[in-house]
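# Examination of the molecular architecture
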Amino acid sequence: MGLQNGDLEKEEEEVTEATSGEKAFEGKAVPRWEKQITVRAMVVSLVLAVLFTFIVMKLNLTTGIIPSLNISAGLLGFFFVKMWTKLVAKAGIITQPFTRQENTVIQTCVVSASGIAFSGGFGNYIFAMSSEIAKQSPEDSTKQNIKEPGLGWMIAFVSVVSFLGLFSVVPLRKIMIVDFKLTYPSGTATAHLINSFHTTEGAKLARKQVYVLGKFFSVSFLWGFFQWFYGASDGCGFKSFPTFGLEAYEKQFFFDFSTTYVGVGMICPYIINISLLVGGIISWAIMWPLIEDRKGDWYSAELKQNSLHGLQGYKVFIAIAMILGDGLYNFIKVLGRTIFGLYNQFSKKNLDTSSDSPSSLSYDDRCRIDMFLRDQIPAWFAIGGYVIIAIISVVVVPCIFHQLKWYYIVVIYVIAPALAFCNAYGCGLTDWSLASTYGKLAIFTIGAWAGAAHGGILAGLAACGVMMNIVSTASDLMQDFKTGYMTLASPRSMFVSQVFGTIMGCVISPCVFWLFYKAFGNLGVPGSQYPAPYAIVYRNMSILGVDGFSSLPKYCLLLCSAFFIAAIIINLIRDLVGEKWAKFIPVPMAMAIPFYIGSYFAIDMCVGSLILFVWKKVDRVKADTFGSAVASGLICGDGIWTLPSSFLALAGVKPPICMKFLSRKVNAKVDGFLGS
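Residues numbered from 1 in each chain as written. Predicted model: local features only at pLDDT ≥ 70, side-chain atom pairs only at ≥ 80, totals over all residues. Heavy atoms only, no water.

In the annotation of an unreviewed UniProt entry, the chain is listed under the name Metal-nicotianamine transporter YSL7 and assigned to Cajanus cajan. Taken verbatim from the UniProt record of the chain, the Sequence similarities (unreviewed entry) comment is "Belongs to the YSL (TC 2.A.67.2) family." (UniProt positions renumbered as here; feature names shortened; annotations may be inferred.)

Here it is, written out as structure tokens:
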């Protein structure tokens, strides 16, 4: 017997309530956009921005692998404001309730501030300009291609280039979020998390997650403190523990007891961690020993260890070839999907105009679209802001880098909005920002345009910074608009919090990098605590763009071509076989990273993967619930330890013990020497 109309309507309402996210917040007033940006939100954002900038900077200067910290930012923002509210309430002061919109503002502000630690280039293009990195490429270390880090010019540079991306895609927010309904997976996941915090059950779970995060934060911080006592110099301490023997240690295969990378390994997909290990085995266990055996034939035996015409050249340029091959493939893939997606969207609009009618929208979509379109950001404001900041940048940037002429910057700013749109759209489809790929494109084009005689190496690196900041900020802003859309946060509060976060980041990130630069005298030195591997990679990309293939050692071009093609083919195979089998095929970009710096961090990350894998086998529910909290605690604790360790180094306080490991033969010689 069929259901009556009334029964059908009732059943539909029950299904809607069960699947609706906004039904849980029905009856709760959404504060005006000005009320979403509170003093306490900005104070909490500032504290967390400093914390996360230290973490991102440490990751940037060690391996360059930076996982998404959105969940950690949202969780800690929730915890700190809840704690703030309780303390103020005990003092008898009445404050406005803590809403999910305010939580979203904090998360947006923190992520945009700490993001500048990456897009600001402190671990790649800015540090690549320094004499420390130039010494590792002595063939092209002329004065006009070197610029030493300076706190003043770094703050000025990131300040004039970081805001343009915010204005470049603001007029397109409705098209991206409402019309095209792009998913922006990271923004969507963050929104679901924040929404869950502000339900009764979600708040209880969040408190448990914060407790777990705090516990592992303490363990990680204390472990970093304990390790410090044994690391009197490079090659000392637990970070140089020959876990698999001294010969494996010489080939960069050892576990260095880094809780940071164990935590990163718990967050990153299994295939990324395995890819890193596979890349390390191919390079350090097979290729480099074979090439080193050809010393005197393929390259001169008299060359310095860091010469690009020797083994160092193979390490750097083959890694670059794989990175470029992977980047080119994904650039074409994302660009193709962007064009195809746009074509489908416009075709769909032309064929069917009824799909967006209010009656066809879900309850959630009606609520969200109404709020998203309520507080408009005028197009004239966005366009005017872009033009004004672009003019300021065209004047200021050539004063900082005289090699980067004003007309180079004008060309970048003319094409940048189109590239920012492509990156933001592609990120909405795939969750993949190609900001670094666009930056590399600027390195090659502007570097070659400037030429070797006019400081093309430095011009290419500076142009990379200009381009990378625009496209990176644009995709980040659109992710935040998606988060705001799903939490009913106003677009205006999202934009303003991005601006506040960017202002914070433009000051905090250079200051944190400056602290690292002054505290650790061996910053950027291969084999040191902070080798900054991407700095030498970016500098050599710029050299390649200016000098061409003449800078490569014997047979290096052939090997580079082979690995460039291999990276494209591997990516193609991954896409053709589908998700089921792709998870067993290594990722070329990840494989390339250990080619230069070794596999020690990959082993740490694989340990993190193993811990999570075993945990899921034992208790999947708890692993899924608390895995991110454990990983975040491990990363944050070790990351924040760098702050006191930096101050100790600046004060000239050195660890009292050097724990070092020697072979039996060398130990006998040392004993004999000391005995005599």
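Picking up where we left off.
Here we take up helix α10 (residues 185-197). With 13 residues, α10 should cover 18 Å at 1.5 Å per step; its first-to-last C-alpha distance of 19 Å lies within 8% of that length. Of all the positions in α10, only Gly187, Thr188, Thr190, Ala191, Leu193, Ile194, Asn195 and Phe197 are classed as buried. In this structure, the buried residues of α10 make contact with α4 (70-90), α5 (100-119), α11 (200-228), α16 (363-372) and α20 (456-487). (Helix = DSSP H or I, 4+ residues; strand = E, 2+ residues; numbered from the N terminus. Expected span 1.5 Å × (residues − 1). Buried < 20%, exposed > 50% of the residue type's maximum accessible area, 1.4 Å probe, protein only. Contact = heavy atoms within 4.5 Å.)

Take the packing of aromatic side chains next. According to the stated counting rule, one finds 53 aromatic pairs in the structure shown. These aromatic residues form a ring-pair network of at least three members: Trp223, Phe226, Tyr230, Phe238, Phe241, Phe255, Phe257 and Phe661. Between the NZ or CZ atom of Arg100 and the centre of the ring of Phe25, over which it lies, the distance is 3.8 Å. It is Arg294 that lies over the ring of Trp298; its NZ or CZ is 5.7 Å from the centre. (Phe/Tyr/Trp six-rings, centres within 6.5 Å; stacked < 30°, edge-to-face > 60°. Lys NZ or Arg CZ within 6 Å of the ring centre and 35° of its normal.)

Here we take up empty space enclosed by the protein. Inspection of the entire model under this criterion finds 3 cavities of 30 Å³ or more. If you add up the space inside the largest cavity, you get close to 80 Å³. Forming the boundary of the largest cavity are Ser112, Gly115, Ile116, Ser119, Ser162, Ser472, Thr473, Asp476, Gln498 and Thr502. Going through the elements one at a time, α5, α20 and α21 (491-519) are the ones with two or more residues in the lining of the largest cavity. Looking at which element gives the most residues to the lining of the largest cavity, the answer is α5, with 4 residues. Considering only enclosed or pocket space, the second largest cavity measures out at about 60 Å³ in volume. Every residue along the wall of the second largest cavity is listed here: Ala319, Ile323, Pro533, Tyr534, Val537, Ala592, Ile593, Tyr596 and Ile597. Those elements that place two or more of their residues in the lining of the second largest cavity are α15 (311-351), α22 (533-547) and α25 (588-597). By residue number, the principal contributor to the lining of the second largest cavity is α25, which donates 4 residues. Of the residues that constitute the lining of the second largest cavity, the class distribution is 9 nonpolar, no polar and no charged. (1 Å grid on protein atoms, 1.4 Å probe; cavity = no way out; pocket = protein on both sides within 12 Å on 5 of 7 lines; lining within 4 Å. Points joined across faces, edges and corners; volume = space filled by probe spheres on them. Nonpolar A, V, L, I, M, F, W, Y, C, P; charged D, E, K, R; others polar.)

This part is about the pattern of salt bridges. Here the structure, examined in full by the defined rule, presents 10 salt bridges. Asp575 serves as the salt-bridge partner of Lys333, at 3.5 Å between the closest nitrogen and oxygen. With a gap of 242 residues between them, Lys333 in helix α15 and Asp575 in helix α23 (residues 556-577) connect regions that are remote in the sequence. The partly exposed category is assigned to Asp575, whose relative accessible area is 38%. We note a salt bridge from Asp370 to Arg374, for which the minimum N-O separation is 2.5 Å. (Salt bridge = Lys/Arg side-chain N within 4 Å of Asp/Glu carboxyl O.)

Let us look at the packing of helix α13 (residues 259-267) against helix α27 (residues 620-650). Where α13 meets α27, the closest approach of the two axes is 8 Å, and the angle between their N-to-C directions is 155 degrees. The orientation of α13 with respect to α27, classified from their angle, is roughly antiparallel. Pair α13 / α27 crosses with left-handed handedness. Here α13 contributes Thr259, Thr260, Val262, Gly263, Val264, Met266 and Ile267 to the contact with α27, which in turn contributes Gly627, Val630, Ala631, Leu634, Ile635, Asp638 and Gly639. Classifying every residue of the contact of α13 with α27 by side-chain character gives 8 nonpolar, 5 polar and 1 charged. (Axes fitted to C-alpha atoms, helices over the stretch in contact; angles between N-to-C directions. Parallel < 35°, antiparallel > 145°, perpendicular 65-115°, else oblique. Left-handed = near helix turned anticlockwise from the far one by under 90°.)

Turning to a positive patch on the surface, a few remarks are in order. A surface patch of like charges, here positive, comprises Lys28, Lys82, Lys86, Lys90, Lys204, Arg207, Lys208 and Lys622. For the positive patch, the elements supplying multiple residues, two or more each, are α4 and α11. Position of Lys208 relative to the elements: it lies in helix α11. (Patch = residues over 30% accessible without salt bridge, like charges linked within 9 Å, V, L, I, M, F, W, Y side chains within 5 Å. Areas by Shrake-Rupley, 256 points an atom, 1.4 Å probe, with all protein chains shown as cover. Lys, Arg positive; Asp, Glu negative; His and termini not counted. Charge placed at Lys NZ, Arg CZ, Asp CG, Glu CD.)

Of all 10 residues that make up α25, 9 are buried, and the element is covered over most of its length. Residues Pro588, Ala590, Met591, Ala592, Ile593, Pro594, Phe595, Tyr596 and Ile597 constitute the buried set of α25.

Okay, the side chain of Gln209 next. You can see Gln209 is positioned in helix α11. Once you skip the residues sitting within four places of it in the chain, Gln209 turns out to touch Leu75, Phe197, Thr625, Phe626 and Ala629.

A word on the nonpolar core. If you look at the biggest cluster of nonpolar residues, it comprises 193 residues, and the most contacted ones within it are Phe157, Phe401, Leu404 and Tyr413. Top element by residues in this core is α20. It accounts for 18 residues. With near-sequence residues (within four places) excluded, Tyr413 lies in contact with Val160, Val161, Leu164, Tyr386, Ala390, Ser393, Val394, Val466 and Ile470. (Core = buried A, V, L, I, M, F, W, Y, C linked by side-chain atoms within 4.5 Å.)

With that out of the way, let us pick up a nonpolar patch on the surface. A surface patch of nonpolar side chains, amounting to about 810 Å² of accessible area, comprises Ile565, Ile569, Leu572, Ile573, Leu576, Val577, Trp581 and Phe584. Element by element, the count of residues in the nonpolar patch is highest for α23, at 6 residues. Tracing the sequence through the fold places Leu572 in helix α23.

Now for the state of the cysteines. Scanning the model with the defined rule gives 1 disulfide in all. Between the sulfur atoms of Cys236 and its disulfide mate Cys658 the distance is 1.9 Å. Residues Cys236 and Cys658 are joined through a disulfide that is left-handed, its torsion about the S-S bond being -70 degrees. Of this pair, Cys236 sits in the loop between α11 and α12 (246-250) while Cys658 sits in the loop between α27 and α28 (664-675), and the two are 422 residues apart along the sequence. Cys556 supplies the cysteine sulfur nearest to Cys560, a cysteine that is in no disulfide, at a spacing of 3.8 Å. Here Cys606 stays free of any disulfide, with the sulfur of Cys268 as its closest cysteine sulfur at 11 Å. (Disulfide = S-S within 2.5 Å.)

With that settled, consider unusual backbone geometry. Most peptide bonds are trans, and most residues other than glycine sit at a negative phi. Even without being glycine, Gln252 reaches a positive phi, approximately 70 degrees. Inspection of the secondary structure assignment puts Gln252 in the loop between α12 and α13.

Following the sequence through the fold, Gly235 ends up in the loop between α11 and α12. Of the residues examined, Gly235 reaches a relative accessible area of 27% and is grouped as partly exposed. Residues Gly235 and Asn469 lie 234 residues apart in sequence; the distance between their C-alpha atoms is 36 Å. In contact with Gly235, not counting residues within four places along its chain, are Ser240, Tyr249, Met659 and Lys660.

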